[in-house]
Amino acid sequence: MKAFKAGSDRDGCGCTKIISYGAKAPKDIPPVMLQLRLAHQYKNALVQIERERREKSAAKLLEISPVLAALADSLARAEMLLTTATDAIREANSIARRKQQTKEQRAEVGTLRKAKRDIYLAWKAEKNRLWSIPATSEAMEAVETEAAEKHKASRRGFIAQGLFHGTYQSIEMVAKKMRSGVPPRFQRFEGGRCSFWIEGGIPVADLLGGVTNSARVERISGTKHLLKMRIGTNHDKSPKWAEV
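Not measured: the values here are computed from a predicted model.

**With respect to the overall build of the protein chain**
Then comes step 1: Looking only at helices and strands, the protein chain features 6 helices and 5 strands.
Then comes step 2: Along the protein chain, helices and strands appear, N-terminal first, in the series β-β-α-α-α-α-α-α-β-β-β.
Then comes step 3: Looking at the protein chain as a whole, 28% of its 244 residues are labelled buried.
Then comes step 4: Sequence separation of 24 or more characterises 63% of the internal contacts of the protein chain that already satisfy a separation of 6 or more.
Then comes step 5: In the structure as shown, the protein chain presents an accessible area of about 16400 Å², 55% of it carried by carbon and sulfur atoms.

Below, the structure is given as structure tokens:
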């Protein structure tokens, strides 16, 4: 397994160097598995929040503009008609084991595609218009505020369960990409990674000397070393280590 990936000094091309180290499984599995499970649950919680944010944003736009709602319905009907026409052609081709598409069918599909595109362009133009009016900004601000509060509450809940800041910050970095593109999907648990953050860097002497509270490296023998990465805090305020 990989013990960790750490960003080092930027090289000549301006890219961040990623250094990967091989390692055996952690010595104490349960605390590590707890972090991985909590990280997975936290990520899915953020997926849920983002999906709700998108749904509420779309609903607000439809409330503000009846025209947009009508165009959305027309677009859905156009999509259904186009799908029905193309499916009928595919089915006929499958039965005959050759292309059976007629000129009339091609013309019908072409007409349906043009109709769908025209409706989509009208829908997009209306949506762009909505984003330029104050009512939309006010409605979206309320939606964003609600999503941000849910995010903070979810983070506090998982921190209370023991999710350490290095790992949840890594999850939140990934979650930032959820706000654009296709809607995020829930994921099943397939492991994951524990993370620790080093702010400002750590001198090599401190890392090897065992004086830092985020990570430590101890020589075992020869080229073998033991990495200790912090994954929490014990009741006595001492670091809780994952050792690999």
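What follows picks up the thread again.
**Some details on the pattern of salt bridges**
Then comes step 1: Using the criterion set out here, one finds 14 salt bridges in the structure.
Then comes step 2: One salt bridge connects Glu 79 with Lys 116, and the closest N-O pair in it is separated by 2.3 Å. Here Lys 116 lies in helix α3 (residues 103-130) and Glu 79 lies in helix α2 (residues 66-96), a separation of 37 residues in the sequence.
Then comes step 3: Judged by relative accessible area, which is 32%, Glu 79 ranks as partly exposed.
Then comes step 4: Each member of the salt-bridge network shares a partner with another, and the members are Glu 50, Arg 53, Arg 54, Glu 144 and Arg 179.

**Description of unusual backbone geometry**
Then comes step 1: A positive phi angle, close to 75 degrees, is found at Lys 237, a residue other than glycine.
Then comes step 2: Topologically, Lys 237 is positioned in the loop between β4 (224-233) and β5 (239-243).

**Re the side chain of Arg 216**
Then comes step 1: When you line up the elements, Arg 216 lands in strand β3 (residues 215-221).
Then comes step 2: Put simply, Arg 216 is tucked away with no salt bridge, and the nearest opposite charge, on Glu 218, sits 5.8 Å away.
Then comes step 3: Within polar-contact distance, the side chain of Arg 216 engages the side chain of Asn 213 at 3.4 Å.
Then comes step 4: Residues in contact with Arg 216, not counting those within four places in the same chain, are Leu 207, Gly 210, Val 211, Leu 226, Leu 227, Lys 228 and Trp 241.

**Describing the side chain of Ser 154**
Then comes step 1: Structurally, Ser 154 is set in helix α4 (residues 134-161).
Then comes step 2: By relative accessible area, which is 12% here, Ser 154 ends up buried.
Then comes step 3: Ignoring anything within four residues of it in the chain, the contact list for Ser 154 reads Tyr 42, Ala 45 and Ile 49.

**Here's the deal with the packing of helix α1 (residues 29-64) against α4**
Helix-helix packing is described using two parameters, namely the angle between the two axes and the distance between the axes.
Then comes step 1: At a minimum axis separation of 10 Å, α1 and α4 run at an interaxial angle of 165 degrees. In terms of orientation, α1 and α4 fall into the roughly antiparallel class. Viewed along their axes, α1 and α4 form a crossing whose handedness is right-handed.
Then comes step 2: Classifying every residue of the contact of α1 with α4 by side-chain character gives 14 nonpolar, 6 polar and 8 charged.

**As for the sheet that holds β3**
Then comes step 1: The strand order across the open sheet built from 3 strands is β3-β4-β5, with neighbouring strands paired in antiparallel fashion. Strands with a single pairing partner mark the edges of an open sheet, and in this sheet they are β3 and β5. On average, adjacent strands in this sheet sit at an angle of 35 degrees to one another, irrespective of strand direction.
Then comes step 2: Where β4 and β5 come together, 5 bridges link them in antiparallel fashion. By the bridge assignment for β5, Gly 232 is matched with Lys 240.

**Here's the deal with the nonpolar core**
Then comes step 1: Among the nonpolar cores identified, the biggest contains 14 residues, and Tyr 42, Leu 46, Phe 158, Leu 163 and Ile 171 are the most heavily contacted of them.
Then comes step 2: Mapped onto this core, the elements with two or more residues apiece are α1, α4 and α5 (165-175).
Then comes step 3: Counting residues per element, this core draws most heavily on α1, at 7 residues.
Then comes step 4: In this structure, Val 32, Leu 36, Phe 196 and Met 229 belong to the second largest nonpolar core, which totals 8 residues.

**Things to note about the packing of aromatic side chains**
Then comes step 1: Summed over the entire model, instances satisfying the criterion amount to 2 aromatic pairs.
Then comes step 2: Centroid distance Tyr 42 to Phe 158: 5.3 Å. Interplanar angle 50 degrees. Geometry classified as tilted. Placement of the pair is Tyr 42 in helix α1 and Phe 158 in helix α4, with a sequence separation of 116 residues.
Then comes step 3: Under the relative-accessibility criterion, Phe 158 is labelled buried at 10%.

Each value, and the rule that gives it
Residues numbered from 1 in each chain as written. Predicted model: local features only at pLDDT ≥ 70, side-chain atom pairs only at ≥ 80, totals over all residues. Heavy atoms only, no water. Helix = DSSP H or I, 4+ residues; strand = E, 2+ residues; numbered from the N terminus. Buried < 20%, exposed > 50% of the residue type's maximum accessible area, 1.4 Å probe, protein only. Contact = heavy atoms within 4.5 Å. Areas by Shrake-Rupley, 256 points an atom, 1.4 Å probe, with all protein chains shown as cover. Salt bridge = Lys/Arg side-chain N within 4 Å of Asp/Glu carboxyl O. Lys, Arg positive; Asp, Glu negative; His and termini not counted. Polar contact = N/O pair within 3.5 Å; in protein donor to acceptor, adjacent residues only side chain to side chain. Axes fitted to C-alpha atoms, helices over the stretch in contact; angles between N-to-C directions. Parallel < 35°, antiparallel > 145°, perpendicular 65-115°, else oblique. Left-handed = near helix turned anticlockwise from the far one by under 90°. Nonpolar A, V, L, I, M, F, W, Y, C, P; charged D, E, K, R; others polar. Pairing = 2+ DSSP bridges. Core = buried A, V, L, I, M, F, W, Y, C linked by side-chain atoms within 4.5 Å. Phe/Tyr/Trp six-rings, centres within 6.5 Å; stacked < 30°, edge-to-face > 60°.

These figures capture arrangement, not role.
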